[in-house]
Amino acid sequence: MCLGIPGRVIELSGDVALVDFLGIRREVDASMAEGIGPGDYVVVHAGVIISKLDPEEAERTLDAWREMVEFLSSEGGDGGDG
Amino acid sequence: MGEESPIKRVERLYRSSEEVRSVVGAIWKVAPQAAEAAGVDRVKIMDFCGTHEWTITHFGLRSLMPPQVELVAGPGCPVCITPGYYVDAAASLARDGVRVLTYGDAYRLQGTPRGTETDSLARARSEGAPVEVVYSVMDAVRRARGDGVESVFLAVGFETTAPATASPVTRGAVPENLTFINVHRLTPPITRYVFERVPGAPILGVIAPGHVSAITGAAAWEFVPRDYGIPAVVTGFEPLDVVLAVLEMLRQLREGRPRLVNEYSRVVSWEGNLAAKRAIERCCEVVDSAWRGIGFVEESGLAFRREFSRVDAAERYGLREPSPEDWSRDLPPGCRCAEVTLGAAKPTDCPMFMKVCTPGTPYGPCMVSQEGACSVWARYGGGGRAEEVARELGLI
C-alpha cells in the first residue's frame, strides 16, 4: 500500500498532473503537490503526488553517509565479528 | 548511450552492492559494541512498513546482519489490520447491488472468519456482485461520475493513503452516488502500542516509514527517542537506505544518544506535506479505532467530520464501529497474524505458515496483502533460510 512510485511531471492542469513513470504516462491527483511543476521529479502513491523527489539531495546525503561509514570502518580496536 | 534518468541513477546508487557491503562491514564492527552498551545479546530493530519488510527480505538483508542484530517486521500492512467487519459490510453492500470499488490488496482480504463461509469482495464478485478494483480514488470518482451507479469505496490505508480520500472530499469533487467506508489508520499510535503493551524483548530501534513520513513529516517520529529513548530513522526503500538506517541506530545505541534522523531527505521533509495534512485535518477527526486481531487503539484512526457525512458510507448505510465481540474473533483459529503484526512472532513461528496458509490460498490476512509479512516471507524466503543455505555452502 505504501509503495511510492517515482516519476516526472510532464503537464500540470489544475488538480491533475500527467506523470511519466520511466515511459508509462498516467494522470494523477496533483491537488496536494504544492510548489511542484512540469519537469519536477515526484513520488506518487495510490494515484496522488505525495512528495517531491530530489535526486541531487539523494547524492548529497549519500556523500555525507559515506563519510560516516568510512569513519566507523576505520576506527581502531577490535572489530569483534567473530 | 542515452543519458541516464535521475530516477534510475538514484536507484542504481542506492542498490549498489559495493556500497551496501561497505555499510554492512561497519554494521558488523559497531553491532557488538551497540549490543553491549544496550545490555542485550541482540539488538531488535523493527521496520514499520511492509515495503521495508519487502526490501529487507527481497534483497536478503536479514542474512547480512551480524548475530547481534535482529530485524523484525512491524504493523505496517494496512490491509492486514483492517477489521474483517468492514470486508463483511462491503461484500454485503455489493450483494445488495451497490458497486464496491477498492484497491487490489483489499479485494482478496477475508472478512470475519466463518469457516468455509468466510466472505471477501473476491467471493462476492465471483457470485456476480458488482465489485471492481481501481488504481486510485481519482479513478473511482471518475467511474462513479461517468455512469451514475451507486458506489462505495472501501478506503483502507495509513497516512500515506488518507490524502487520496481527503483530496476529492475536501474539494467537493465527490459525486452524489459515491460514499467511502473510511478505514484509515494512523501509524504513531500503533507504534506506541507496540512499545507499551507488547511483551517480549524490547524494540531498540525503529526503521520509520518513509512514505507515511512524506505526508506527516519526519517530525512525527520525534516521540520515539523523546518518550521511549529509542533511536528512529526515517528510511527510504532501497537496500542501501535500510542498512544505513541500521548502522545509524547502532551507532546511537553505542553512544547512548538516541535521536531521530531523516535518512530519506530526498523525499521526506521535516514538516511533511502541509497541503495533505490540512486536507486530512479538515476532512477527518482522530478517533479510537479497531485494528484486526489487536483491538481498539486510542486515537489511531480517522473518521469523517459531520460536515462531510454525505460521503460517509457508515452514515448512508448505517454501518457501526466493530464491537469487542467482532474483533475478538477477527482472525481464523490458530492464525498468528496479530503477533506477527506487532513484531512478537515471526511468520515461520506460525504452524500454518506455508502449510495451510500460502500466497495462493491465504488463511490469515498477513498472507493476503503483498505487504503482509507472511506473504513477503512466503514469496522471498525469510526466517533465515538464506543463512542456512549460506552456512551449508561454507560462505559464513
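Nothing here was measured: the structure is a model prediction, and the numbers come from that model.

Visitor: Explain the nonpolar core to me, using residue names and the numbers behind them.
Guide: Membership of the largest hydrophobic core comes to 113 residues, with the highest contact counts inside it found for Phe-153, Phe-180 and Ile-181 of chain B. A per-element tally of this core places helix α4 (residues 84–95) of chain B first, with eight residues. Per-domain counts for this core show at least three residues from each of domain 1 (6–77 + 191–257 + 339–392) and domain 2 (84–187 + 271–334) of chain B. Excluding its chain neighbours within four sequence positions, the residues that come into contact with Phe-153 of chain B are Leu-101, Thr-102, Tyr-103, Val-134, Ser-136, Val-137, Ala-140, Leu-178, Thr-179, Phe-180 and Ile-181 of chain B. Counting residues in hydrophobic clusters, the runner-up holds 39 residues, among them Leu-62 of chain A together with Ala-26, Ala-35 and Val-243 of chain B.

Visitor: Mind laying out unusual backbone geometry, listing which residues take part and the relevant values?
Guide: Non-glycine residue Ala-46 of chain A carries a positive phi angle of around 50°. Position of Ala-46 of chain A relative to the elements: it lies in the loop between β4 (41–45) and β5 (48–52). For Met-354 of chain B, which is not a glycine, the phi torsion comes out positive at approximately 60°. With respect to the element layout, Met-354 of chain B can be found in the loop between α16 (337–341) and α17 (373–380). Exposure remark for Met-354 of chain B: the relative accessible area of 38% places this residue in the partly exposed category.

Visitor: Let's hear about the packing of aromatic side chains: which residues, and what values?
Guide: This structure, assessed with the given rule, holds 13 aromatic pairs over all chains. With a centroid separation of 6.3 Å and 80° between ring planes, the pair formed by Phe-223 of chain B and Tyr-228 of chain B is classed as edge-to-face. Taking relative accessible area as the criterion, Tyr-228 of chain B reaches 21% and is therefore assigned partly exposed. Chaining the aromatic ring pairs together yields one cluster made of Phe-48, Phe-158, Phe-195, Trp-221, Phe-223, Tyr-228 and Trp-291 of chain B. Positioned above the aromatic ring of Tyr-135 of chain B, the side-chain terminus of Arg-26 of chain A is 4.0 Å from the ring centre.

What counts, and where the lines are drawn
Residues numbered from 1 in each chain as written. Chains lettered and ligands numbered in written order. Predicted model: local features only at pLDDT ≥ 70, side-chain atom pairs only at ≥ 80, totals over all residues. Heavy atoms only, no water. Core = buried A, V, L, I, M, F, W, Y, C linked by side-chain atoms within 4.5 Å. Buried < 20%, exposed > 50% of the residue type's maximum accessible area, 1.4 Å probe, protein only. Helix = DSSP H or I, 4+ residues; strand = E, 2+ residues; numbered from the N terminus. Domains from an automatic or database assignment. Contact = heavy atoms within 4.5 Å. Phe/Tyr/Trp six-rings, centres within 6.5 Å; stacked < 30°, edge-to-face > 60°. Lys NZ or Arg CZ within 6 Å of the ring centre and 35° of its normal.

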